[in-house]
Amino acid sequence: MTTTLAGGRAARRQTMRRIRPRRSPAVPLLLAVWAGAAAVLWLWWQNTPSIADQNGKILNAGRITGLLAGYLMALVVLQMARVPALERRVGSDRVARWHAMSGRYTLCLVFAHVFLIMWGYALQAGKTLNDIVQQTIDSVNQLPDMGKAAIGTGLFVVIGLTSIGPVRRRMPYDTWYHVHLLTYAAVFLTFWHQITTGNDFALTPMAKTFWYGLYGAVTALVVWYRILTPIRLNLRHRMRVEAVIEETPGIVSVLIGGRKLHRMGAEAGQFFRWRFMAPGMRFSSHPYSLSAAPRPDMLRITVKAIGDHSARLRELRPGTRVWAEGPYGAMTASRRSRGKVLLVAGGVGITPMRALFETLPGAAGDLTLLYRANTTQDLALWDELAKIAKERGARLMYAVNSPEGERPDISAENLQRKIPDIVDHDVFMCGPPGFAQGVYEALRGAGVPARRIHHESFEM
């Protein structure tokens, strides 16, 4: 059984809008980050006297690694704050990669800071490198806020270990997600010793003021966007499950009703983090894309059962309360820069592509959708796609395995043969990582510039 959910007048109006590409603020933001790092280095340099001995070199190396680690900790939390300028303009996937990279650098700097400072303290006390463990214990017991810092560092270690690829892939998503939230506690616990024992903040009161301002601003953003904004959104829109419909074996659509949903600001191609107030699902928050253009009274997600949470969606009952956070994601019409568009979907990646297929501005002949699946039975939402293609004069193609199981050839040559003017297209793409990588390489081989290939992936 399938369900058709058309976007109505709002979706039709969207298809008639002018193409107005919006620039990503990623480059200015990265420049600002590097400017902040340069300011930290300048602070260290200004407060660093001439270094005459080995002990001085070790202690000052410990100081700069500590300052940089403290600066990156603030950025790590900022990247978790779900600030709209980042999530909807830069892209959730890109922010997630920045967060993962910043976290790795932060952990390395924290380890270097602890090792170098404790080694320097040991030498200062007339001890040797072999006494570093005892020196660490003494410092934790004697220096202000070092106990908190030790606990915070331990939490960073746990978070870092669970974020290693092979470990994360073996952990349930919910477990990893809740462990990752300990980052807030780790940053809070390690912050105070920076102020009380940091030589740079004692010598430069303005630096202390800046540090308080940096961490205070980041904290305010977290409270506003991670706590207050979701509360306001859900109290205002009061979402509930309207129906759960099986599209194909293993794939279901969940229809979600509510009040004035068009005022949530959601666009085709975006996703929300969904929490369903049903037994066994209340404490699980998972990201699912909208599979249809938002309507004033209805949203829809279409999900493939690939884990405990997604498999339980079919058991939802009408009336179940829904808690959502979002919308997130930058793979929207605003990324488009050309008149013609190719949409490429792999498997359940069809969900955001279906919404874009319905709403992307364009005249007849401008849009093409290529849908990759294992069999024709796996082509979820096919009837809807065919109807949209007919109404909009768009081209709809599918690529499925042969009866013998042979995979279709989505190569640069085949893409050029099927779409001769492919170099003049923007391409939106969603699917499993391996599929997305293969299609990306084929598109580049066919001459499509990288800046016109739009894809969000959350593999770190």
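Fair warning: this is a prediction, and the values are worked out from it, not measured in the lab.

**Section: the sheet that holds strand β5 (residues 298–304)**
Overall, antiparallel pairing links the 3 strands, which are arranged β1-β2-β5 in an open sheet. A single partner strand is all that each edge strand has here, and the edge strands are β1 (240–248) and β5. On average, each strand axis in the sheet is tilted by 20° relative to the strand beside it, whichever way the strands run. Here strand β2 (residues 251–257) pairs with β5 via 7 bridges, running antiparallel. Pairing of isoleucine 251 across the sheet is with lysine 304, part of β5.

**Observations regarding the UniProt feature "transmembrane region" (unreviewed entry) in the chain**
Within this numbering scheme, the UniProt entry marks residues 26–45, 65–85, 105–126, 146–164, 176–195 and 210–228 as carrying the feature "transmembrane region" (unreviewed entry). Here residues 26–45 is 100% helix and 0% strand, with 29 Å between the C-alpha atoms at its ends. From the first C-alpha to the last, residues 105–126 spans 32 Å; its make-up is 91% helix and 0% strand.

**Remarks on a positive patch on the surface**
A cluster of basic residues, Arg232, Arg236, Arg238, Arg240, Arg259, Lys260, Arg263 and Arg321, forms a positive patch on the protein surface. Mapping arginine 232 onto the fold places it in helix α11 (residues 205–237). You can call arginine 232 exposed: its relative accessible area is 56%.

**Focus on the sheet that holds strand β3 (residues 271–276)**
Taking strand neighbours across the sheet as the criterion, the 3 strands line up as β4-β3-β6 in an open arrangement whose pairing is antiparallel. Only two strands of the sheet have a single neighbouring strand rather than two, namely β4 (286–289) and β6 (322–328). Each adjacent strand pair in this sheet contributes to an overall mean axis angle of 30°, direction not counted.

**Topic: the pairing of strand β7 (residues 340–346)**
A regular strand places its side chains on the two faces of the sheet in alternate fashion. The buried fraction of β7 amounts to 6 of the 7 residues, a majority that puts the element mostly inside the structure. Relative to strand β10 (residues 425–430), β7 is paired through 6 bridges, and the arrangement is parallel. Pairing of leucine 343 across the sheet is with phenylalanine 428, part of β10.

**Focus on the UniProt feature "domain: FAD-binding FR-type" (unreviewed entry) in the chain**
UniProt records the feature "domain: FAD-binding FR-type" (unreviewed entry) at residues 234–334, using the numbering of this structure. A helix fraction of 9% and a strand fraction of 40% characterise residues 234–334, whose end C-alpha atoms lie 26 Å from each other.

**Some words on unusual backbone geometry**
In this chain, glycine 326 is followed by proline 327 through a cis amide linkage whose omega measures 5°. Residue position: proline 327 is located in strand β6. The phi torsion at arginine 238 lies on the positive side, around 45°, for a residue other than glycine. As for its position among the elements, arginine 238 is in the loop between α11 and β1. You will see that lysine 260, though not glycine, has its phi angle at about 50°, which is positive. When you line up the elements, lysine 260 lands in the loop between β2 and β3.

**A look at a nonpolar patch on the surface**
A grouping of Val223, Trp224, Ile227, Leu228, Ile231 and Leu235 is seen on the molecular surface, where their side chains present a nonpolar patch of about 530 Å² in accessible area. Overall, the relative accessible area of 34% leaves isoleucine 231 in the partly exposed class.

**Focus: the packing of aromatic side chains**
Scanning the model with the defined rule gives 15 aromatic pairs in all. Look at tyrosine 173 and tyrosine 177: their rings are 6.1 Å apart centre to centre, the planes differ by 20°, and that puts the pair in the stacked class. Separated by 4 residues within a single helix, tyrosine 173 and tyrosine 177 lie in helix α8 (residues 173–180), roughly one turn from each other. Here tyrosine 173 falls in the partly exposed class, since its relative accessible area comes to 27%. Here tyrosine 177 falls in the buried class, since its relative accessible area comes to 10%. Considering the side-chain rings of phenylalanine 191 and tyrosine 212, the 5.7 Å spacing of their centres and the 65° angle between planes classify their relative orientation as edge-to-face. Placement of the pair is phenylalanine 191 in helix α9 (residues 182–197) and tyrosine 212 in helix α11, with a sequence separation of 21 residues. Residue phenylalanine 191 is classed as buried on the basis of its relative accessible area, which comes to 6%.

**A few points about the nonpolar core**
Counting 37 residues, the largest nonpolar core has Tyr71, Trp211 and Tyr215 as its most contacted members. Those elements that provide at least two residues to this core are α2 (26–46), α3 (54–78), α4 (84–124), α6 (146–162), α9 and α11. For this core, the element with the most residues is α3, which contributes 9 residues. Those residues in contact with tyrosine 71 that lie beyond four places of it in its chain are Ala32, Val33, Gly36, Ala37, Val40, Trp211 and Leu214. Judged by nonpolar contacts, the second largest core, of 27 residues, contains Leu360, Leu367, Leu369 and Cys430.

What counts, and at which threshold
- Residues numbered from 1 in each chain as written.
- Predicted model: local features only at pLDDT ≥ 70, side-chain atom pairs only at ≥ 80, totals over all residues.
- Heavy atoms only, no water.
- Pairing = 2+ DSSP bridges.
- Helix = DSSP H or I, 4+ residues; strand = E, 2+ residues; numbered from the N terminus.
- Axes fitted to C-alpha atoms, helices over the stretch in contact; angles between N-to-C directions.
- UniProt positions renumbered as here; feature names shortened; annotations may be inferred.
- Patch = residues over 30% accessible without salt bridge, like charges linked within 9 Å, V, L, I, M, F, W, Y side chains within 5 Å.
- Areas by Shrake-Rupley, 256 points an atom, 1.4 Å probe, with all protein chains shown as cover.
- Salt bridge = Lys/Arg side-chain N within 4 Å of Asp/Glu carboxyl O.
- Lys, Arg positive; Asp, Glu negative; His and termini not counted.
- Charge placed at Lys NZ, Arg CZ, Asp CG, Glu CD.
- Buried < 20%, exposed > 50% of the residue type's maximum accessible area, 1.4 Å probe, protein only.
- Phe/Tyr/Trp six-rings, centres within 6.5 Å; stacked < 30°, edge-to-face > 60°.
- Core = buried A, V, L, I, M, F, W, Y, C linked by side-chain atoms within 4.5 Å.
- Contact = heavy atoms within 4.5 Å.

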